[in-house]
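Residue strings, one per chain:
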Amino acid sequence: MPEAVRWSPDHRAVHIIDQRALPERHVERDLRTLDEACDAIRTLAVRGAPAIGIAAAMAFAVAMADAGTLSVSGRRRRAAQVSDALRATRPTAVNLAWALDRMLRIADAADAAALGDALVREATAILDEDRAMCRRIGEHALSLFPADARVATHCNAGALATGGIGTALAGIYLAAERGDRVRVFVDETRPLLQGSRLTAWELQRAGIDVVLIADATAPAVMRRGEIDLCVVGADRIAANGDVANKIGTYALAVAARHHGVPFFVAAPSSTFDPATPTGADIVIEQRDADEVRRGFGALTAPPDVAVYNPAFDVTPASLISAIVSDRGVHRPPFDFRAST
C-alpha cells in the first residue's frame, strides 16, 4: 500500500507522496515549514479528509517544535496562528479541524520542556488511529459486499487519502484479501481526475480488476446490470446523515437510486459532525476556475468563460443505503447528533 503521509525519519518534517504528479511520476517530498504544509494541502499534493487531518497534525507539531522556549502567552499565540493557517486551507473536510483541535489541547496542557515530544506523540497517535480505523471500516463494509462484487466508486478514498488502507476502498481490499474476484468501476472524477489519476493507479498496483469510466458513464453501466453496489468516502457527515463528498457524488447517488443499486458511504468516526445539523449547513469549498478551463495545462474552454467549480456536493441522507464507520454499519434513519 502506498503511504500518503508519514513522518520523515527525523520526525522534523511531514513526508508525503505528492499526488499532483501521479500517475505519471511517483514523487515523495518532505514538508519542513508551515508554508510548505499549507501549500501542499491547499493545492492537493496531500488530499483526502483523513490524510489532510494527519498531515495538519504533523505540520502543527513541526511548526511548534521550538515553541517550548516561548512564554505561556507566546506559545498560545503561536499555536493559534499555526492552527488558523492550517485550518484555512480546506474548509469542508471536518477531519482537518478535528485533528487541529486535538493538537491545540495538547499544546495548551503540555509542560514547556515536554511540548515538542507531546505534540509528536499526539500526531503519531492520530496516524496510528487512522490506520486502525481504516481496517475496521473495511471489516464492517465486508458485510455489505456480495461475493465477487462489482463496485462503483467516485474520487479517491483509498490508501492515498488516509493513513491506512482507505475508507471506501477498505472493503474492496479486504474482499480481495479473502479471495473474492472484485471488479471496480472507477469514475474519472472531473475536473481534477482523482479517480483516474489516483484510484485507478492505486487499485491497479494492488492487483484489483479496475475499469475506468467517465463520470457520465456510471448510469449506463448500472442500466446494463453490471454494478452491485456503490461505495464512496466523505469529507463531512452532518448530524442528519447528509454527506459532503467530492463533486459528482450526488449524481452517482441519484443514478444508483434510480437503478436500485445500494449506495454506501464509508468514513471514520472523526468525519461525523454532530454540530452541523444538515448538509445545507456545510461550507462548500470553491476552487479556482482554471481547474475547469485548463485543469492540466491545455485550454479546454474560452479563457474568460464564467465557471462554477465547487470541490464538493452534498448527497442527502435519503439517497444513502448505509453509512459505514469504524464503529459499525449505520442504517437510516440517521441521527448523529450525539457521538457515534
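Residue numbering note: each chain is counted from 1, following its sequence as written. In view of the model being predicted, local features appear only for residues whose pLDDT reaches at least 70, and side-chain atom pairs are presented and counted only at 80 or more, with totals across whole chains, interfaces and linings using the full set of residues. Derived side-chain values reflect all non-hydrogen atoms in the structure, with water molecules and hydrogen atoms excluded from consideration.

A word on the packing of helix H2 (residues 49-63) against helix H4 (residues 94-109)
- Angles here are taken between N-to-C directions and fall from 0 to 180 degrees, while the axes themselves are lines fitted to C-alpha atoms, restricted in helices to the stretch in contact. Helix and strand definitions here come from DSSP, where helices need a minimum of 4 consecutive H or I residues and strands a minimum of 2 consecutive E residues; each element is numbered from the N-terminal end. Contact geometry of H2 with H4 gives a least axis separation of 7 Å together with a crossing angle of 25°. Here H2 lies roughly parallel to H4, going by the angle between them. Remark: the crossing between H2 and H4 carries right-handed chirality. Residue-level inspection shows Ala49, Pro50, Ile52, Gly53, Ala56, Ala57, Phe60 and Ala61 of H2 in contact with H4, the latter providing Asn95, Leu96, Ala99, Leu100, Met103, Leu104 and Ala107. Oblique is the label for any angle not covered by the other classes, which are roughly parallel (under 35 degrees), roughly antiparallel (over 145) and roughly perpendicular (65 to 115). Two helices cross in a left-handed way if the nearer one is turned anticlockwise from the farther one by less than a right angle. They cross in a right-handed way if the turn is clockwise. Residues count as neighbours in contact if any of their non-hydrogen atoms are within 4.5 Å of one another.

What about the pattern of salt bridges?
- We count a salt bridge whenever a side-chain nitrogen from Lys or Arg sits within 4 Å of a carboxyl oxygen from Asp or Glu. What the rule picks out here adds up to 26 salt bridges.
- Its salt-bridge partner being Arg287, residue Glu291 comes within 2.8 Å of it at the nearest N-O pair.
- With relative accessibility at 17%, the residue Arg287 sits in the buried group.
- A cluster of three or more residues bridged by salt bridges with shared partners is formed by Arg90, Glu285, Arg287 and Glu291. Exposure classes here rest on a 1.4 Å probe applied to the protein chains alone. A residue is buried below 20% of its type maximum, exposed above 50%, and partly exposed in between.

A few points about the nonpolar core
- What makes a nonpolar core is a set of buried Ala, Val, Leu, Ile, Met, Phe, Trp, Tyr and Cys residues whose side-chain atoms join them at distances within 4.5 Å. Val14, Phe60 and Leu86 are the most contacted members of the largest nonpolar core, which totals 41 residues.
- Mapped by element, the contributors of at least two residues to this core are strand S1 (5-7), strand S2 (14-17), helix H1 (34-42), H2, helix H3 (72-87), H4 and helix H5 (115-141).
- It is H2 that contributes the most residues to this core, 12 residues altogether.
- Beyond its immediate stretch of four places on either side in the chain, Phe60 contacts Ala79, Val82, Ser83, Leu86, Leu100, Met103, Leu104, Ala107 and Leu119.
- One finds Ala149, Ala168, Ala175 and Val184 within the second-largest nonpolar core, a separate group that totals 28 residues.

What to know about helix H6 (residues 170-177)
- Within H6, six of the eight residues are buried, which leaves the element mostly enclosed by the surrounding structure.
- Of all the positions in H6, only Ala170, Gly171, Ile172, Tyr173, Leu174 and Ala175 are classed as buried.
- Contacts made by the buried residues of H6 are with H5, strand S4 (150-153), strand S5 (183-187) and helix H7 (194-205).
- Phi for Gly179, located one or two positions after H6, is positive at around 105°.

What to know about the sheet that holds S1
- The strand order across the open sheet formed by three strands is S1-S2-S3, and the pairing between neighbours is antiparallel. The strands lining the two open edges of the sheet, one partner per strand, are S1 and strand S3 (28-31). This sheet shows a mean twist of 30° between the axes of neighbouring strands, independent of strand direction.
- Packed onto the sheet, H2 meets S1 and S2 and runs at close to 25° relative to S1. At least two bridges found by DSSP between two strands is the condition for calling them paired.

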